[in-house]
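Descriptive analysis of the structure
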Amino acid sequence: MLVRAPDPFGSNSPVANAQLGNQVDIRSLQLLFRNSSSGQNFFTPLNSVAPGDSQSLPTVAPTWEIVGTGDFNKDQELDILWREKFSGQNTWWTMRNSQVTGSFGIAAVPDMTWQVVAVADFNRDTGLDILWRNRVTGANLLWFMDGDRFVNALPVMAVADLNWQVVGAGDINQDNQTDILWRNATTGEHLWWWMSGATCVGATSNLPKRVGAEHQIVAIADFNDDRSIDILWQNRAADGLQLWVMQQETVLAEYNIGTAGLGGQWEVVGLLSGTRSVAAEVGNSLATAEEQTYADFFRTQTVGGGDGSDIYRVAVGERGYLSAFLTGLTGDADVRIIADRNNNGAIDAGEVLAWQWERGVNPETIRRFVEPGWYFIEVLRPSSLLANGQVAGYTLSSNFRPAASNPEQFKLNINYGAGTELLTEAAKGAIASAAAYWEAVIPSRSAITNFQDLTINLTVENLNDGGILAQAGPNLLNNAGRLVITGGTSRINSQRVHELNGSLERLRLVMTHEFSHALGFGTIWRPFTFSNGVTVGRTYVNFSNQTYLAETYAGFAYGELLGSATPIAIPVDTVYAHWDEVRFDTELLTPFVEWGGAMPVSQLTIAALRDLGWNVNYGAAQPYDLPRFAAVQETVGWQRGNGLANLRSADGTGDDLTAIADPVPPAQAHGWTCGCSQHLSQNRRGLQWIGQSSLESSLLG
């Protein structure tokens, strides 16, 4: 029974009216409920919390409390630890196939000021140990156990403030040590103790506060099988559960779970094992996508081998944020959000709404504001890895948060200044289209700017060089040693404005190119020196071999263009502001315009923006392949000498091209040059000058 649940946690939760989907794979974990008044007990799957979907356990007198669950007898099934609240007796129930198979008493503790607060393996011997806390003195004691036999005890650092309560234990920082989670019942603060056995070696408090005694952490476990522990909350006053899906110490997603009117007398007291079914294979096309009942779901699967992608279909009934999280990776995989807007069953240009890959087994997180409708979430292997036949395991977590509007949306505004009256309205439309393209690339506010909206001040001026079409660059702020883009400046050459008015596609391409420089592409690839002498920023280029650094997102994108899964250094132009003209030819972010054919913005360029700190959508990249003579491994090499660059194919049978001489080829050879080649060659500290005019008045030091 799937029941939509109201949010019992109020404004503390960004998720409203959510329910786990029908394909939830939760390592077969089941929730163990106890009624402390009647002594009744039952357990139920997490995605179907309702009495009708439950299995009962024997009723036990209310004087007995369930104080922990874990694999006591090492049979891969979770067992139940009981404590009698008057005599101090302690007993394990062993479980098999959801049935009680035995009962084992362990040492009694008649002093009822001592409470069992966690059951876990603290000394890495694969057996369960018991953490005790004294509710009067604040002392803590760790029992090391060998099954039902007490071995020895060690004190754990005392916490005299009794507002702090131990609410669980698990390996939060993935160092193979069991850590302890504390919660302050008064302030709602949380604190993780990083442990080495019984010794606290560090602490972190990254979890958000949650104030109110009605909010209780009731279970800590890896619910979605991504090898990172998660946190389950219960609000008995509101009859609701909420699952925090975690990636180490960070909350990735929050899921509200209906309890079908159980009532506040039922409390989650632990977890039990269930029968785990084998997950069905997931379709790898839009037509065969696995449909989810709700947008809130998580799924553990593999991708690769003969299966290049897995695709899931979800419905969204209102405006809001659709998020996808990829964790627990055993190999490289990516995740993206897709809308089949024309319903043709294919992924067309503009239909990938969110895609921001990592490389290796690093987790991925994407989010997109969406309108009501059907969407697809795809998990895929990078194209450079498909040929090796290896598979990657993954856990996909998806959730949806309703929202009336998108306050995070990035906007690139154009302020038309002096001379722009020379532009026709159609020309301004082409310029707006160029800005809109970068809004599609950058879906949300990013780390490189303090602003959601950026404004580029555009003028039309005589740039004193008929070969230059336009120029652009960022306005910068030194924010405590970090470069922040506060806006941009761009100029169109008045000598060419009438020509551009008559060639709107050419104008759109030119301004798309120039606006990338206003966003920092090529203009802040090395530290910037402000007028007050302070230098800020990092270096992305290698001046000894005229390349962009390999160990970057752009380096991975270039490696993929060459069919390699490893990052490769990228040839750049002589002023270190563009991709090399000969190697990349038609790519829009080379310094010269080729008229008469496509000039795409590739993933390579978008990856370079991500290196700077922009949130990006690789789905906005346009189809691009390297020129035939460039499709060789970087190790074949560019050889520079006597002002020439030569490239020969690996077997010696391909093209033998002599590239144009440094510093730049003549404008007549390839069309018209970007003004950046001029202004950057005049001052190699960065965007200090455009043409003959100082930009210092635009820069904030």
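Residues numbered from 1 in each chain as written. Predicted model: local features only at pLDDT ≥ 70, side-chain atom pairs only at ≥ 80, totals over all residues. Heavy atoms only, no water.

**A closer look at the pairing of strand β28 (residues 373-380)**
In terms of residue burial, β28 counts as a mostly covered element, since six of its eight residues are buried. Where strand β23 (residues 309-316) meets β28, eight bridges bridge the pair, whose relative direction is antiparallel. Residue pairing for β28: V316 is matched across the bridge by G373. Across five bridges, strand β25 (residues 334-338) lies against β28 in antiparallel orientation. Bridging from a neighbouring strand, R336 pairs with E378 of β28. (Buried < 20%, exposed > 50% of the residue type's maximum accessible area, 1.4 Å probe, protein only. Helix = DSSP H or I, 4+ residues; strand = E, 2+ residues; numbered from the N terminus. Pairing = 2+ DSSP bridges.)

**Here we look at the pairing of strand β2 (residues 41-45)**
Buried residues dominate β2, accounting for four of its five residues. Relative to β2, strand β1 (residues 29-35) is paired through five bridges, and the arrangement is antiparallel. What sits directly across from L31, in β2, is T44. A loop of five residues connects β1 with β2, the two strands running antiparallel in sequence, and G39 in this loop sits at a positive phi of about 85°. As paired elements, β2 and strand β3 (residues 55-57) share three bridges and run antiparallel to each other. Directly across from F42, in β3, lies its bridge partner S56.

**Comments concerning the packing of aromatic side chains**
All chains considered together, the criterion is met by 27 aromatic pairs. Ring geometry for Y548 versus W579: centroids 5.5 Å apart, planes at 70°, classification edge-to-face. In this pair, Y548 is assigned in strand β37 (residues 547-548) and W579 in the loop between β38 (570-571) and α5 (581-584), connecting sequence segments 31 residues apart. Accessibility classification places Y548 together with W579 in one group, the buried group. (Phe/Tyr/Trp six-rings, centres within 6.5 Å; stacked < 30°, edge-to-face > 60°.)

**Details of the pattern of salt bridges**
As enumerated under the stated definition, the model contains 18 salt bridges in all. Across the pair E77 and R96 runs a salt bridge, and its minimum N-O distance is 3.9 Å. Placement of E77 in the loop between β4 (64-70) and β5 (79-84) and of R96 in strand β6 (residues 90-96) is noted, with a sequence separation of 19 residues between them. Classification of R96 as partly exposed rests on a relative accessible area of 40%. A salt bridge links E358 to R610, with the shortest nitrogen-to-oxygen separation between them at 2.5 Å. Here E358 is found in the loop between β26 (352-355) and β27 (364-370), whereas its partner R610 is found in helix α6 (residues 603-612), with 252 residues between them in sequence. For the residue pair E358 and R610, the accessibility class agrees, reading buried in each case. Residues participating in the shared-partner salt-bridge network are D332, D334, R359 and E560. (Salt bridge = Lys/Arg side-chain N within 4 Å of Asp/Glu carboxyl O.)

**Some points on the nonpolar core**
Of all hydrophobic cores here, the largest spans 76 residues; its most connected members are I492, M511, W525, Y548, W579 and W614. Here this core gets eight residues from one element, more than from any other, and that element is helix α1 (residues 425-441). Counting 26 residues, the second largest nonpolar core, distinct from the first, contains L329, V335, I337 and Y375. (Core = buried A, V, L, I, M, F, W, Y, C linked by side-chain atoms within 4.5 Å.)

**Brief notes about the sheet that holds β3**
Pairing in this open sheet of four strands is antiparallel, and the strands run β3-β2-β1-β20 from one edge to the other. Each having just a single partner strand, β3 and β20 (266-273) make up the two edges of the open sheet. Looking at each pair of strands side by side, their axes are set apart by 30° on average, direction ignored. (Axes fitted to C-alpha atoms, helices over the stretch in contact; angles between N-to-C directions.)

**Section: helix α4 (residues 553-561)**
Those residues of α4 that fall on the buried side of the exposure criterion are A554, G555, A557, Y558 and G559. The inward-facing, buried residues of α4 contact β37, β38, α5 and α6. G563 lies just past α4 and shows a positive phi near 80°. (Contact = heavy atoms within 4.5 Å.)

**Quick word on α1**
Compared with the 24 Å implied by 1.5 Å per residue over 17 residues, the 25 Å span of α1 between its first and last C-alpha is a close match. Looking only at α1, the buried set comprises A427, A430, I431, A434, A435, Y437, W438, E439 and V441. Residues of α1 that are buried sit in contact with β30 (411-416), β31 (453-461), β33 (482-493), α2 (497-501), α3 (504-518) and α6. (Expected span 1.5 Å × (residues − 1).)

**Looking at the packing of α1 against α3**
At a closest axis distance of 8 Å, the pairing of α1 and α3 adopts a crossing angle of 40°. What the angle tells us is that α1 and α3 run oblique. The way α1 lies across α3 gives a crossing that is right-handed. Each of A426, A427, A430, I431, S433, A434, A435, Y437 and W438 in α1 lies in contact with α3, whose residues at this interface are L504, L507, R508, M511, T512, F515 and S516. Taken together, the residues of the contact of α1 with α3 sort by class into twelve nonpolar, three polar and one charged. (Parallel < 35°, antiparallel > 145°, perpendicular 65-115°, else oblique. Left-handed = near helix turned anticlockwise from the far one by under 90°. Nonpolar A, V, L, I, M, F, W, Y, C, P; charged D, E, K, R; others polar.)

**Regarding the side chain of T94**
Inspection of the secondary structure assignment puts T94 in strand β6. Judged by its relative accessible area of 3%, T94 is buried. Setting aside chain neighbours within four positions, we find T94 in contact with F72, N73, D79, Q99, V100, T101, G102 and F104.

**Section: unusual backbone geometry**
Notably, Q174 is not glycine yet its phi reads approximately 55°, a positive angle. As for its placement among the helices and strands, Q174 is situated in the loop between β12 (164-170) and β13 (179-184). Classification of Q174 as partly exposed rests on a relative accessible area of 35%. A positive phi angle is found at Q546, which is not glycine, with a value near 55°.

**Side note on the sheet that holds strand β32 (residues 470-479)**
Taken in spatial order, the four strands of this open sheet run β30-β31-β33-β32, and their pairing is mixed. For this open sheet the edge positions go to β30 and β32, each flanked by a neighbour on one side alone. Going across the sheet, the axis of each strand differs from the next one's by a mean of 25°, ignoring polarity. As paired elements, β31 and β33 share six bridges and run parallel to each other. Note that in β33 the partner of I456 across the bridge is G488. Packing against the sheet, α1 makes contact with β30, β31 and β33, and its axis sits at approximately 155° to β30. Strands β30, β31, β32 and β33 of the sheet are contacted by α3, whose axis makes an angle of about 20° with β32.

Nothing here speaks to function; it is all geometry.
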